[in-house]
Structures are given as C-alpha cells and as structure tokens.
Amino acid sequence: MPDDRPENPYLELLARGAPAEAYERPVLRARADKAPADRLAALERAKLLALRVRGELEGRRRREAELSALFETAHDLAGLRDLDAVLQAIVQRARSLLGTEVAYLTLNDPTAGDTYMRVTDGSVSARFQQLRLGMGEGLGGLVAQTARPYVTESYLHDPRFQHTHAIDAGVMDEGLVAILGVPLLLGSGVIGVLFAADRRARVFEREQIALLGSFAAHAAVAIDTAHLLAETRTALTELEAANEIIRDRSRVIERASDVHDRLTELVLRGGGVHDVADALAEVLSGSVEFLEADEAPAAAVDRSRADGHAVRDGEEDWVAAVSAGGELLGALVLRGHPRLDPVDQRTLERAAMVTSLLQLARRSAGEAEQRVRGELLDDLLDAPDREPRLLRERAARLQADLDTPHVVLAAGIEAPGPGTSATGPATGSGNTHGNAHGNTHGSGSANAHGNTHGSGSGNTHGNTHGDAHGSRPGSTSSTSGGAPAEDAAGRRRLWSAASHLAATRHGLAAARDGGTVLLLPLADGETADALARRTARQLGTAVHAAVTVGASAPVPAPAARPGEVAAGYAEARRCLAALRVLGRAGQGAAAEDFGFLGLLLAGTREGSPDGTGVQDFVNRTVGAVIDYDERRGTELIHTLDAYFAGGMSPARTKDALHVHVNTVAQRLERVGRLLGPDWQSPARSLEIQLALRLHRLASAVGY
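Position numbers for residues start from 1 in each chain and track the written sequence from start to end. For a predicted model such as this one, the threshold for reporting local features is a pLDDT of at least 70, and the threshold for listing and counting side-chain atom pairs is 80 or more; totals across whole chains, interfaces and linings nevertheless cover every residue. Only hydrogens and water are set aside when side-chain values are computed; all heavy atoms of the structure are taken into account.

Student: Teacher, can you tell me more about the overall build of the protein here?
Tutor: The way it works is that DSSP assigns letters per residue, a run of H or I at least four long becomes a helix, a run of E at least two long becomes a strand, and they are numbered from the N terminus. Counting secondary structure elements, the protein contains 24 helices and 15 strands. Throughout, exposure labels follow a simple rule: accessible area from a 1.4 Å probe, protein chains only, divided by the maximum for the residue type, with under 20% read as buried, over 50% as exposed, and the rest as partly exposed. Among the 703 residues that make up the protein, the fraction classed as buried is 45%. As displayed, the protein offers around 34,500 Å² of accessible surface, 52% of which is attributable to carbon and sulfur atoms. Every accessible area reported is derived by Shrake-Rupley at a probe size of 1.4 Å, with residue values counting cover from the shown protein chains alone.

Student: Where do I start with helix H4 (residues 83-98) in this structure?
Tutor: Every α-helical turn comprises 3.6 residues, leaving residues that sit three or four positions apart pointing alike. Under the convention used throughout, the expected extent of a helix is 1.5 Å for every residue step, that is, one less than its residue count. Compared with the 22 Å implied by 1.5 Å per residue over 16 residues, the 23 Å span of H4 between its first and last C-alpha is a close match. Considered for burial, the residues of H4 that qualify are Leu83, Val86, Leu87, Ala89, Ile90, Val91, Arg93, Ala94 and Leu98. Remark: Gly99 follows H4 within two positions and exhibits a positive phi of approximately 70°.

Student: For this particular structure, what's the right way to read the packing of H4 against helix H8 (residues 206-268)?
Tutor: Working note: a packed helix pair is described by the angle between its axes plus the distance between those axes. Contact geometry for H4 and H8: axes closest at 10 Å, N-to-C directions at 175°. On the basis of their axis angle, the class for H4 and H8 is roughly antiparallel. Contact residues: H4 offers Leu83, Val86, Leu87, Ile90, Arg93, Ala94, Leu97 and Leu98, while H8 offers Gln208, Leu211, Leu212, Phe215, His218, Ala219, Ala222, Ile223 and Ala226. Under the scheme applied here, ten amino acids are nonpolar (Ala, Val, Leu, Ile, Met, Phe, Trp, Tyr, Cys and Pro), four are charged (Asp, Glu, Lys and Arg), and all others, including Gly, are polar. Residues belonging to the contact of H4 with H8 are distributed by class as follows: 14 nonpolar, two polar and one charged. For helices, the fitted line uses only the C-alpha atoms of the stretch in contact; every axis is such a line through C-alpha atoms, and the angle between N-to-C directions lies from 0 to 180 degrees. These descriptions rest on fixed angle ranges, namely under 35 degrees for roughly parallel, over 145 for roughly antiparallel, 65 to 115 for roughly perpendicular, and the rest for oblique. Between two residues, a contact is recorded if the distance between any of their heavy atoms is within 4.5 Å.

Student: Can you help me understand the sheet that holds strand S11 (residues 406-413) in this one?
Tutor: Strand pairing in a sheet relies on backbone hydrogen bonds. The paired strands run either parallel or antiparallel. We call two strands paired when DSSP finds no fewer than two bridges between them. Spatial strand order, S12-S13-S11-S14-S15: five strands in an open sheet with mixed pairing. Edge strands, defined here as strands with exactly one partner in the open sheet, are strand S12 (508-512) and strand S15 (588-590). Averaged over neighbouring strand pairs, the angle between their axes works out to 20° when direction is ignored. Summarising the sheet, S11 and strand S14 (residues 547-551) pair through five bridges and their orientation is antiparallel. If you follow Ile413 over to S14, its bridge partner there is Val547. Along the sheet, helix H17 (residues 528-543) makes contact with S11, strand S13 (515-521), S14 and S15, crossing S14 at roughly 155°. Those strands touched by helix H18 (residues 563-581) are S11, S12, S13, S14 and S15, and its axis lies near 40° from that of S11.

Student: Whenever I open this one, the sheet that holds strand S6 (residues 189-198) confuses me. Can you help?
Tutor: Read across the open sheet, the six strands follow the order S3-S2-S1-S6-S5-S4; overall the sheet is antiparallel. What marks the edges here is a single partner per strand, and that holds for strand S3 (132-134) and strand S4 (150-152). Taken over all neighbouring pairs, the strand axes of this sheet differ in orientation by 25° on average, direction set aside. Across three bridges, the pairing between strand S2 (residues 114-121) and S3 is antiparallel. If you follow Asp114 over to S3, its bridge partner there is Gly134. Docked against the sheet, H4 engages strand S1 (102-109), S2, strand S5 (178-186) and S6, running at close to 70° with respect to S2. Sheet contacts for H8: S1, S5 and S6; angle to S5, the most-contacted strand, approximately 40°.

Student: Got a minute to help me understand the confidence of the model for the protein in this structure?
Tutor: Low pLDDT marks regions whose predicted coordinates should not be analysed in detail. As a per-residue quantity, pLDDT reports the predictor's confidence and falls between 0 and 100. Summary statistics for the protein give a mean pLDDT of 78 and a share of 81% for residues scoring 70 or more. Counting contacts from residues 418-481, a segment whose pLDDT is below 50, to residues more than four positions away or on other chains yields 123 contacts. Contacts of residues 604-610 to residues separated by more than four positions or lying in other chains number 15 contacts, the stretch itself having pLDDT below 50.

Student: Any chance you could explain the pattern of salt bridges here in plain terms?
Tutor: For side chains of opposite charge, pairing can occur when their charged atoms come near one another. Salt bridges are counted wherever a side-chain nitrogen of Lys or Arg sits within 4 Å of a carboxyl oxygen of Asp or Glu. Across all of its chains, the model carries 28 salt bridges by this definition. Of the charged contacts, one joins Arg512 and Asp378 as a salt bridge, the two residues approaching to 3.1 Å between their closest N and O atoms. Of this pair, Arg512 sits in strand S12 while Asp378 sits in helix H11 (residues 342-382); the two residues are 134 residues apart in sequence, bridging distant segments of the chain. Under the relative-accessibility criterion, Arg512 is labelled buried at 18%. Asp378 gets classed as partly exposed once you look at its relative accessible area, which sits at 25%. The shortest N-O distance in the salt bridge between Arg684 and Asp678 comes to 2.7 Å. With relative accessibility at 39%, the residue Asp678 sits in the partly exposed group.

Student: Just checking my understanding: could you explain the side chain of Ser304 for this structure?
Tutor: Inspection of the secondary structure assignment puts Ser304 in helix H10 (residues 298-307). Owing to a relative accessible area of 5%, Ser304 belongs among the buried residues under this scheme.

Student: I tried to follow unusual backbone geometry on my own but got confused; where do I start?
Tutor: Among all residues except glycine, the phi angle is most often negative; among peptide bonds, the trans geometry is most common. Here the phi dihedral of Asp513 falls at roughly 55°; this positive angle occurs in a residue that is not glycine. If you trace the backbone, Asp513 turns up in the loop between S12 and S13.

Student: Please explain the pairing of S13 as it appears in this structure.
Tutor: Looking along a regular strand, one sees side chains alternate from face to face of the sheet. The buried count for S13 comes to seven of seven residues, which makes it a mostly enclosed element. The two faces of S13 match: Gly515, Val517, Leu519 and Pro521 on one face and Thr516, Leu518 and Leu520 on the other face are all buried. The pairing of S11 with S13 spans six bridges and is antiparallel. Bridge pairing links Ala411 to Thr516 in S13. As paired strands, S12 and S13 are joined by five bridges and run antiparallel to one another.

Student: Whenever I open this one, the packing of helix H22 (residues 650-657) against helix H23 (residues 661-675) confuses me. Can you help?
Tutor: Look at H22 against H23: their axes get within 9 Å of each other, and the N-to-C directions meet at 105°. One way to sum up the angle between H22 and H23 is to call them roughly perpendicular. Facing H22, whose interface residues are Pro650, Thr653, Lys654 and Leu657, H23 presents Val661, Val664 and Arg667. For the contact of H22 with H23, the per-class residue count stands at four nonpolar, one polar and two charged.

Student: Help me understand helix H21 (residues 636-645), please; the structure alone is not making it clear to me.
Tutor: Most of H21 is tucked away, with nine of its ten residues classed as buried. Residues Leu636, Ile637, His638, Thr639, Leu640, Asp641, Ala642, Tyr643 and Phe644 constitute the buried set of H21. Positive phi shows up at Gly647, right after H21, with a value of about 70°.

Student: Can you help me understand the side chain of Glu349 in this one?
Tutor: Topologically, Glu349 is positioned in helix H11. In this view, Glu349 contacts His309 and Ala310; residues no more than four positions away in its chain are not counted.

Student: Hey, could you run me through the environment of Pro405 in this one?
Tutor: Along the polypeptide, Pro405 turns up in the loop between helix H12 (388-397) and S11. Note on Pro405: relative accessible area 37%, which makes it partly exposed. A sequence separation of 151 residues divides Pro405 from Pro556, and the C-alpha atoms of the two residues are 4.2 Å apart. In contact with Pro405, other than residues within four places in its own chain, are Leu520, Pro521, Leu522, Val555 and Pro556.

Have a look at this one:
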C-alpha cells in the first residue's frame, strides 16, 4: 500500500514544519507495533533523510531571513536620512537574527584614543552604556586594535583579554557572559566594533560570526556615507555662503568699476574735486566732502597718511588723506557709514588718489598760467619796446585787456613786529596820513615825528637808516626779523596769492626784487589808492600775514605805452618803501595818499624820478649839519630829529637819546653855529623839520 511507504510520515512532518523530536514518533510506533526489522530499518533511513531535509530547509529559511535583513539594511542605507536610526536598526536586526539578548556598537574616538558606546539594544545597565574602552582593553579594545573578530563563551573567565576594573564592572552590571565582537572596517582602518552578547554561556557558529560581520560592514558603510553626506552638506553650505560672498563681491566690484568709470570720465571732461565727491557719495550711498588741508581732522588725516589707507574717524565717518609727494592737499571725508566694506574702502582710497591727481593738475595748470602771466609782466617791465600787437595777443589769451587803465602795485610781506600785524594791516593810518601832509609845528608835527621815529629815539629811526644804508635803496623785501627760510616761504605764499588775485581780476602778477608786482585793471570810479588798500587787505587775508602794497598812478594803456609800466613799478616801490618808513606797514597806498611827499614819490613818467629840487632843498636847509656828521662821525641830525620829536624839549630829548642834558645842550649849540642863530624860529624850524623828513625819505626811496 502507498500509505505503508516508510517516508510518508516524514513527508507529512516536513510539510507541517514539525519540531525535530516529532521525527522519532513513527519509529517508536513501529517498534510498539512489533514491525519487522526491515520496516524499522526503512523508517530509520527515512527519518535521517527527513531530518537532513529539515535541516536544509531551516538553513535556507535562516539565510533567507539574513538576506532579507541585509537587503533591508541596504535599503536603509540607500535612503539614509538619520545615521542614529540606521545604526539602531542594524543593531536590532543583528540581535534578532543571532538570537542574542544584547547587541551594541562602539566607535573609535581618534581624539581621545579609545572607543565609546554609540548604540545599544537590549541593554539595561547605565554603567555599561557609558563604558569607554582603551585600545587593546577588553574584547572590544582587542578587536579595534587587531581588526579581527573575537568571540568568548565566558568573557570574565577568558584570559585572552586585558581586563580592567571599569570594563569588568560594566560587563558584570549588565550580566553578560558570551560575547561576539566584529570590527567595523573602512578601508584598512577600524572605525568601531559591532557586538552580540548573551547573559549565558553560548557558542557562536561561523555563520553567525559571518552574519554579524556583514552587519558590521553595512554599519561601516552607513557611518562612512553619513560622514560623506555631512561633508557634502557642509560643503554645500560653504559653497552657498561662498556663492553669496561672490555675489556680494561681484556687486561691490561692479560698484567699484562704476566708480572707476565715472571718475575716469570726470578726469577726462575736466571735472573738479567736488564732482569726485558727488560721484563717490552717489555710489557709496553716503555724504562725501572734500576738505582743505587746514580744515580736515588732523589726527585721522595723520593716521591715513601713515597707513596709506582710509581710516575711521569717530563712529560713522571715514577719512582718506589726499596727498602727493609727501605734501598734504586735503582729505575726502565719508559720513554716515559705521562699517565700510573693504572694497568700498578701497574705492574711497582710489577716489582720494584721483582727487590728488586733479589737485596736482589744477596746481600745474595754475602754475603754468602764473608763469605765463609773470613772463608777460616781466616783458612789460624789462622790454618796453615790445610790439604792442603781440602784447595784446598774449594778454588776450590770459583774458586780460591791456588797452584799459591799469595800476602797477608792488607788494611785500611783513614779518610780525612793532607796527605790523600777523593777520592784517597795521592801524594808525589816519594820524600818519594827516601828518604826512606837513601840518604846522604843534601837535601835528610832533605826532608826525613821533610816528616816524617810533617810541624811543633809535627804533624807527635806526630802522630807517638801516634800510637805507644796509639794503638796496627801494628794496621791497620783507621786513627783517624772520629767518631766511621763513622769509622765502612767505614770499612764495605772497606770489601764489598775488597770482590767484591777478587771475581772478584779469590782471598780471610776477615775483620780482624779493617781493611781488601786480598789474591790475582799474575799475570805473576807482582810485589807485583804493585799489592798493583793497589789494593789501586781500593778500594779507590770503597769506595770514601783514602785506604792504604801494601803487602807481594809473597807466592808461599798458599795451600802447609799455614804458610807463616800468616807471609805474618804480613809483609803486617808492610808495611801498615810504609806507614802511612812515610806520604804515601792512597798509596800501598810492603817491596821491602822501600829500606833499607824493611829489617826491611820484617823480616823472619819462624815466628816473625828478628829485633834484628836493635834494637842493635838503642841502640848502640842513646840508651843513649832514656834512658835519659825515666828517666828524657825530649824530647832530639824529639829535635834531629827537629834539623836534620831543616838542623842542631838551629834557625829553635827553631821555630819547639816553644821554645827559648837558650833552644835548652842547649838540644843539653846535647845530646853532652851523645853521645860524634863528634856526629855532617858527619859519626856520618848519623848514628844518621838512628837510629832515625829506632827507630820511630820500634815503629810503633811493634819491
């Protein structure tokens, strides 16, 4: 019968997946039924074959579960989002497939040089979960050090491992006995260890070790992938930040390029420094101002010049020095920018450089124009035979009209001292002017002498003689008292200011004879004297020092009569010298302002001044005293000056001269012998006082 075949019961057991002990029952029943020996033998063979088939089926199912778990792990890796979740799943699957009570994973810490617990499943001990294993310590440390799997049936009694109190205490606290550990390999390096453990003695088979190794490989891949993803995300974040920076830099560079183009256009079309400031303000969205050197914040400008860069000034301002060749020309000040981008800072610095070039170009153009104006005026003074047509053409190119009335002005800068001011004209012109007209003996005459001689007998008088004898007659050099370098600097400032004034007034200017000469047009209704006073005031303000200006009478048409320009210059220089002698340094005047002295100062327009009659009057009136002083080396003329300045009082005279009153009496007695007994009469004394003054002025202006 087919049902009596020995394999039939076992096929039924295989079909329903019966446990291994159920396969003994058919044999036991046959023995109980007293089955023949051949029947029992056939059942035994069928049982063994069925158990073998059952084992194969169990192995296939186990491998299928393992492969399924590995595929699921691979799927998790493919969609990796959370590294901790993937590692937790790997540990859980390893525990489930190996049938262990605990599974856990440790990772190496390169910084600390040990391994730490990363993920656990089935663990109940907090101490165990916080363990750290040094390299070579315990089973895990040995796996991490050797990169090989290790297994033990009873960890605490296994002498192969380096036991430590901390590790053993943790293992005992968790109650672990059998432990399997496999390395997490990444290339040739170990990055961690995957463990499976039981709380009872157990033997791990090769297939289980291989399976755990497969999970460890997946865990290593997961960790590496997570690291790569993290690095990729970091790189993307950095790239996004870099891209944003590049976009910002691009915008800034475009803005800087726009500034560069606009500045270039400004330079090419002849724009000025204020145009540069306006363009920069528009691009940088702030307020930009150009300040002259004396107006800029000194401390910030000094730091900018030292650093070579724009610097912060206060909370919201930036300052860039405008300089060239060590000379400070001014500063650009950007307001309303607490923080300035480095490229914008460079833009401000580039604008300062362009501004310095514009300043230098403007200065060069101005200096060139000054030289041209000076050369034309020099030709008028030195070459009066020049062709008038050529003079007119040269003047027209300078926007000057030499066919209209002009005035020649001689200007000199004064060093601070008695009677002068460091910032403007000296005071006291009214008294001097009134006295210069030669008021009769009394308060007017006495004041005239007081102003001429100064306070004390020797001050102004000594200066007068010093100027007359120590310097070239009529010299327009600065008043003595300053150092040579300071005098030269003052003359340069004066020439620069005079050139600027001449350019704005459509006139001419030149440096000459240690001073400056100007040829300025005379406006309708204006006098030479008024023009001289206004010019002295304007030049004094420009150079921040007292400037004395002497003016000639109007020259009707300099181009048609160039010879009169030279004569007018000589007259202007005499007026300049007279102003200084009369204590009016820092003022301006023409010959018409000096009363009867104007006859001496004006001279003629045909050549040398006509001083013959003046000299004859001086010689006739006090010539005997002058000759006596020259022969004997005495000071009778000086004594006469002091005597009349003191109101004809011997007591005041001796105080002024610092001598004994008897000495004064002896000198006056000698004067009486030379001039005659009536020399102190009102008429003779007036003539003598006029002669004394004309003698001093003649010496000063070159007669």
